[in-house]
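A closer look at the structure
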Amino acid sequence: MFTNLTKLDLKDKKCMSDAGSPKLCMKALPGEGAERSCAYDGARVVLMPITDVAHLVHGPIACAGNSWDNRGARSSGSQLYRRGLTTDIMENDVIYGGEIKLKKSILEIAAKHDPKAIFVYATCVSSLIGDDVDKICREAEAELTIPVISVNCPGFLGDKNIGNRIAGEVLYDRVIGTAKGSDERIPLSINLIGEYNIAGDLWGVLPDLKNLGIRLQTAITGDAKFDDLRSAHRASLNVLICSKSLTNLVRKMEIRYGIPFIEGSFYGIQDTSQTLINIAKALNDLDLLDRTLVYVKKKEEETRETIAGYKKLLENKQAILFTGGVKTWSMVSTLAELGINILAGGTQNSTPEDFQRMKKLMDPAAQIIEDTSSAGFLKIIAEKKPDLIVAGGKTKYLAHKTRTPFLDINHGRKLPYAGYQGMITFAETLTRTVLSPVWGHLKREFPPREGEQDD
Amino acid sequence: METCTKVTKDWLNTQEYREKNFAREKLVINPAKACQPLGALFCALGIERSLPFVHGSQGCAAYFRSTLSRHYREPVSAVSDSMTEDSAVFGGQTNLIEGLKNANTLYSPKVISLFTSCMAEVIGDDINAYLGNAKEQGAIPQELPVAMANTPSFKGSHITGYDNMLKGLIECLATPRQEDKINNRLYVVPGFDTYTANFREYKRLLKVMDTPYTLLPDQSDVLDAPNLGTYEMYPGGTSITEMNDALNAASFLFTQTYSTPTTRKYLDSKEVTVEVIPMPIGIAGTDKFIESVAKFTGKDVPEEITLERGRSIDAMTDAHQYIHGKKFALFGDPDLLIGVVSFLLEMGGEPVHIVCTNSTPLFKKAMESMLAASPYGQGATLYAGKDLWHLRSLLVTEPVDMLIGDSHGKWAARDADIPLVRIGFPITDRVNLHRYPIVGYSGVLNMITMIVNTFLEEKDRTSSDTYFEMMR
C-alpha cells in the first residue's frame, strides 16, 4: 500500500485559495502520478468528434498509435473521423525534418479519403524538431479544394484544458463563419458547445429540442458535420454544456457574431428542465417559453414515475463523486434526485465556479476531495467506505480492488446519460451497478480468517 | 450524398484502390504497433516493487496506462515527471530530480524503472548524469536502484522498448557474474507477452518438470491481481533477490526472439549461457520448450506432460477438419506471428496475408522459410511494415475465411465480412482472453477452441434451416 503521505503533503499546505476552493487545474507535480493527459489529447477530445473530416497526427507512433478510435463519440453518418491517420515520425524525420512527409500525407488523404477538411495535429516531437505545421498546411491547402487546418497543440504545453482551449480557438479562427451561403440568423436555433455525443448523449436531448421546436444548428462537436460547423455563426444562441475551456469560444462568438450564450447541463431531471427553460428564455420567445414550461413539467413527471422503482432501491446509499467540468455540480443534483447522499466530492479540470456550485449543492458535511491523485482517492475510499463511486474510468479498477461498486460517467461509458431519457438509463445502470450480486461474493470472507489485514 | 458515400466505399474495395493503397509512401493509416515507452512500462511492472517512471511529457504516461488498463481491466501504476515547455528550453533535469524525490516519497519503490518518452530524447537529456546529480543532491537515497532505458517512440516499437528496459533492469540490479557463485536456476524470459495465463503456464510446466527457475520479468500477479478487498500497488513481480543474482544464472531461456535481442547481447557479453526458442505455441513449439527445459534439468520428461501433450494432439485430430484448408489473415508482433502461424500450419490451415508493422529482416527471413517449408504455407505473403489499412485492402480483394489479431482488426474484419479471432494486444472489446494461455499444450487446446468454435458459430448463425444441424 501507499505510505500515508499524499500529494498534498508534498507542497504548501495552504492549497485552498481565498475563495475556499482547492487550487483547481493545478499543474501535476513531477512524480506524483500519471493520471493527467496532455494538451494534444485535449485538442483531440474537442475536435475528433467532427465526423466527416480526416484527423492527421503529425507525430511518432505514441501519439496516434495509442489514441486512434479510443473514445466513445458516436456518429450518425461518416465514420472517417475514427480512422487512425499519422505520419509516424521516425528517427530519420527527427534528424532531417518531417515537413515533406507531412505534406505528402495530407495530399494522400485528400486524394483517397474524401474528407470535407483535414485537421493536422502538431505533437511534442514535430514542434521540437521545428516542423512548421502551419506553413505546410497552408501550402497543401493551396493545392487542394478543402481546408487544411493546423492544430498547434504539442503535449508539452500542459494539461488537457489548454488543448481544449486551443481547439476552441482553431474552430473560431478557421471553421465557424466560413460557410459559403447565407449568414442570416436562424430563428430558434442553438449550438450545443462541449457536447461530444459520448455514447450518443446528444441523441438523448435531440427529441426534446425537436418537440419544443428548437433547432440544433450543430453540436460542438458531437456528431458534427463540417459544413454545419461552418454555419454555427447562424445560430441564435450558444449553450455551453461542458468544458469551461470553450468559454473563450462562446465569448468570441458573442463579440463577432452577437450570439449570446448561456450555460447549462443535460444531466439529471432538474438540470435538463432548467436548461430547456433557460434556452427558451434566452431565445426570447414567449410562446416557446410557455410550451417549454408545460413540456418540462410533463417530462419531469413521466421521468420521475419511471425512475421511482430505481429510487427506492438506491435511496440513502452513500456515494463518492469524482468528476470534472459541468458534471461536477450537475451530478450532485442527479444523485440527489435518486436519494443518494454524497459523502465526498472532488473535481479535476474544473473551474472555481463549477466547484463552488458543487459545494453549494452538497451536504455541508460532505468532504471535499483535495488530492486528486490515486493515493488521495484510495485514502478517501478507505475513510468513507462508500456504497458506490461515480467517477471517470481512470479510477475504475482501483475502486474495484476495494470492492466498491463503480459507475463510469466519463468517456469510457457505453450508455448515454443525457436528457430525460438519459436519466432513466442512468438510474437503471446505477441500480444494476450497486445491486450487482458480485459485490456480495466479494465481501464474504473465505475461508474465514482472523483479522489479517494488508499492511 | 448517399451515392457518393457508396461509390467511395465500393472503390475502396477494388483492386485498383489496393494498388494505390500499396503505393502509399508516407502516410500510416490504422497502425498496428505501439511505442517503445509502452513496452518499457509493461516490462517494468514485472519486477518486485518496481515503479515505472516516464521522463517526458505527462500525456504519454496517461496514454500507456490507459491502454494497458483497458486491456487487462486492472489498475496500472506509473508516474511521469510531467515535462513542459520550459523543460524543452532548459532541459528536463529539474523535473527529473523533483519527480524522483516525489515518487520515492509517495510510493516507496524498491527500484525505480526510469525510461524516456520522445520529448526528453529530442532535446537530448542525459538521464545518466541527471540521476547522478539527483543522488548527489539527496533527492533520493544513494542506495535506491534506478534502472534506466532510452526509449524514444520514433524508433522501433513497443517490443524494442521492452527489450531496452529489461536490459536496463538487469544492468542495474544484477551483481557481477562470479564463476564460483553460479546458481542452479533457469531464468526464463517470456518477452513482450501480454497473456498473464502464459506466465502461469510456464511456471506450472517448470514446476511439473521440477526445475529451479525464475521468471523474468513476471507481470502475472501484477496485471491479473486477485481481489482481496484492498488495493495493493505492488502485488507481485520477479523478486529483487532473484534480480540481484540474474547474472549468476545457470542459464537463460528466452521464449521470444524479436523482443529480446539487446538483452541477449548484454547477457552474452557477461558470458551468461543463453538459449532462445520461438514462442512455444503449437505442438512443435511447445515440444521445443519442454526439450530445452529437460536438457537443462537433465531429467526425463514427466509422464504428466506426455499425457497432456497426448490430450492436445487428440483435440487436434478431433478438430482438424474445421481448420484444414481454411484461409487465414493475421497481424501482430513478430514473435506472436511465428507462433500462431506455426500452429495453423500444424493444423493444415493456410495463412494467406500476414501483416507485421514492426517487422525486422531477421523475422522476415524466419517467417518466409517456415512458410516455404510447409505445403500449407505456399500461398502466404508476409507484408512487412504495412498497416491495418493495407490489411483491409488485402482482405477485400483477396478474401480469406478468418482474421487473427488484436481488437484493432475489427474494422477490417467487418468490412471484409469475416470473423476476427482475437489473439494479441490490445484486446479491449472482449473479456478474460489474457487469462487463457496460448502457449504450451493447453494453449493448443485454447486456440483450437477459439478458432473452431468461431467458425461453427458463424455457420449456425448464417445457415438456412436446410443446413442447420445438431452435429457440426
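Residues numbered from 1 in each chain as written. Chains lettered and ligands numbered in written order. Predicted model: local features only at pLDDT ≥ 70, side-chain atom pairs only at ≥ 80, totals over all residues. Heavy atoms only, no water.

The secondary structure content of chain B amounts to 20 helices and 14 strands. Relative to a compact globule of 472 residues, whose C-alpha radius of gyration would be 23 Å, chain B shows 23 Å and is just as compact. Along the three orthogonal principal directions, the C-alpha set of chain B runs to about 80 × 65 × 45 Å. Among the 472 residues that make up chain B, the fraction classed as buried is 60%. Contacts spanning at least 24 positions in sequence make up 74% of the contacts within chain B whose residues lie at least 6 apart. Accessible surface computed for chain B: about 18,100 Å², of which carbon and sulfur atoms make up 51%. Treating the 45 positive side-chain charges of chain B as one cloud and the 57 negative ones as another, the clouds have centres 2 Å apart. (Helix = DSSP H or I, 4+ residues; strand = E, 2+ residues; numbered from the N terminus. Rg over C-alpha atoms; globule rule 2.2 N^0.38 Å. Buried < 20%, exposed > 50% of the residue type's maximum accessible area, 1.4 Å probe, protein only. Contact = heavy atoms within 4.5 Å. Areas by Shrake-Rupley, 256 points an atom, 1.4 Å probe, with all protein chains shown as cover. Lys, Arg positive; Asp, Glu negative; His and termini not counted. Charge placed at Lys NZ, Arg CZ, Asp CG, Glu CD.)

Here we come to helix H13 (residues 261–269) of chain B. Residues and elements named next belong to chain B. When we look at burial in H13, the residues that qualify are Thr-263, Arg-264, Tyr-266 and Leu-267. An end-on view of H13 places all buried positions within 160° of arc, on one side of the element. Away from its buried face, by an angle of more than 90 degrees, H13 presents the exposed residues Lys-265 and Ser-269. Among the structural elements, helix H9 (158–173), strand S8 (251–254) and strand S9 (274–276) are those in contact with the buried residues of H13. (Arc of directions from axis to C-beta.)

Contacts between chain B and chain A engage 72 residues on the former and 74 residues on the latter. When the buried surface of chain B facing chain A is broken down by residue, B:Tyr63, B:Leu106 and B:Tyr231 rank first, second and third, together holding 12% of it. Run the count over chain B and chain A and you get four salt bridges. For the salt bridge of B:Lys155 with A:Glu91, the shortest nitrogen-to-oxygen distance reads 3.5 Å. Taken together, chain B and chain A are joined by 19 residue pairs in polar contact (both at pLDDT 80 or more). Of all the elements, helix H4 (residues 58–72) of chain B adds the most residues to the side of chain B that touches chain A, at ten residues. When its residues are assigned to classes, the side of chain B that touches chain A shows 36 nonpolar, 21 polar and 15 charged. The pairing of strand S2 (residues 85–86) of chain A with strand S1 (residues 28–29) of chain B spans two bridges and is antiparallel. Across the sheet, A:Leu85 pairs through a bridge with B:Ile29, a residue of S1(B). (Buried area = accessible area lost by both parts, 1.4 Å probe. Salt bridge = Lys/Arg side-chain N within 4 Å of Asp/Glu carboxyl O. Polar contact = N/O pair within 3.5 Å; in protein donor to acceptor, adjacent residues only side chain to side chain. Nonpolar A, V, L, I, M, F, W, Y, C, P; charged D, E, K, R; others polar. Pairing = 2+ DSSP bridges.)

Leave glycine aside and you will find that most residues have negative phi; peptide bonds, for their part, are mostly trans. In the segment running from A:Ile220 into A:Thr221, the intervening peptide bond is cis, with an omega of 15°. Considering the arrangement of structural elements, one finds A:Thr221 in the loop between strand S6 (215–220) and helix H9 (226–230). At the junction of B:Phe425 and B:Pro426, the peptide bond is cis and its omega measures out at 0° in the coordinates. In this fold, B:Pro426 is placed in the loop between strand S14 (420–422) and helix H20 (440–462). The phi dihedral of A:Asn316 falls on the positive side, at around 70°, and the residue is not glycine. Relative to the assigned elements, A:Asn316 resides in the loop between helix H12 (286–314) and strand S9 (318–323). Overall, the relative accessible area of 55% leaves A:Asn316 in the exposed class. For B:Asn432, which is not glycine, the phi torsion reads 70° and is therefore positive. Within the secondary structure, B:Asn432 is located in the loop between S14 and H20.

Moving on to the sheet that holds strand S3 (residues 118–122) of chain A. Reading across the sheet, the five strands line up as S4(A)-S3(A)-S1(A)-S2(A)-S1(B) and stay open at both edges, with mixed pairing between neighbours. Edge strands, defined here as strands with exactly one partner in the open sheet, are strand S4 (148–151) of chain A together with S1 of chain B. Sheet topology places strand S1 (residues 54–58) of chain A next to S3(A); five bridges connect them, and they run parallel. Within S3(A), the residue paired with A:His58 across the bridge is A:Ala122.

For the coordinates displayed, the defined rule picks out nine cavities of 30 Å³ or more. Its volume calculated, the largest cavity comes out at about 160 Å³. In terms of lining residues, the largest cavity is bounded by 19 residues, among which A:Ala62, A:Cys63, A:Cys124, B:Ser57 and B:Cys60 are the most central. Among the secondary structure elements, those contributing two or more residues to the lining of the largest cavity are helix H2 (61–65) and helix H5 (124–128) of chain A together with H4 and helix H7 (118–122) of chain B. (1 Å grid on protein atoms, 1.4 Å probe; cavity = no way out; pocket = protein on both sides within 12 Å on 5 of 7 lines; lining within 4 Å. Points joined across faces, edges and corners; volume = space filled by probe spheres on them.)

Before going further, it helps to examine the pattern of salt bridges. Residues and elements named next belong to chain B. Per the counting criterion, the structure on display carries 43 salt bridges over all chains. Salt-bridge contacts for Arg-435 lead to Asp-224; the nearest nitrogen and oxygen are separated by 2.9 Å. In this pair, Arg-435 is assigned in the loop between S14 and H20 and Asp-224 in the loop between helix H11 (220–223) and helix H12 (240–244), connecting sequence segments 211 residues apart. A relative accessible area of 36% means that Arg-435 is categorised as partly exposed.

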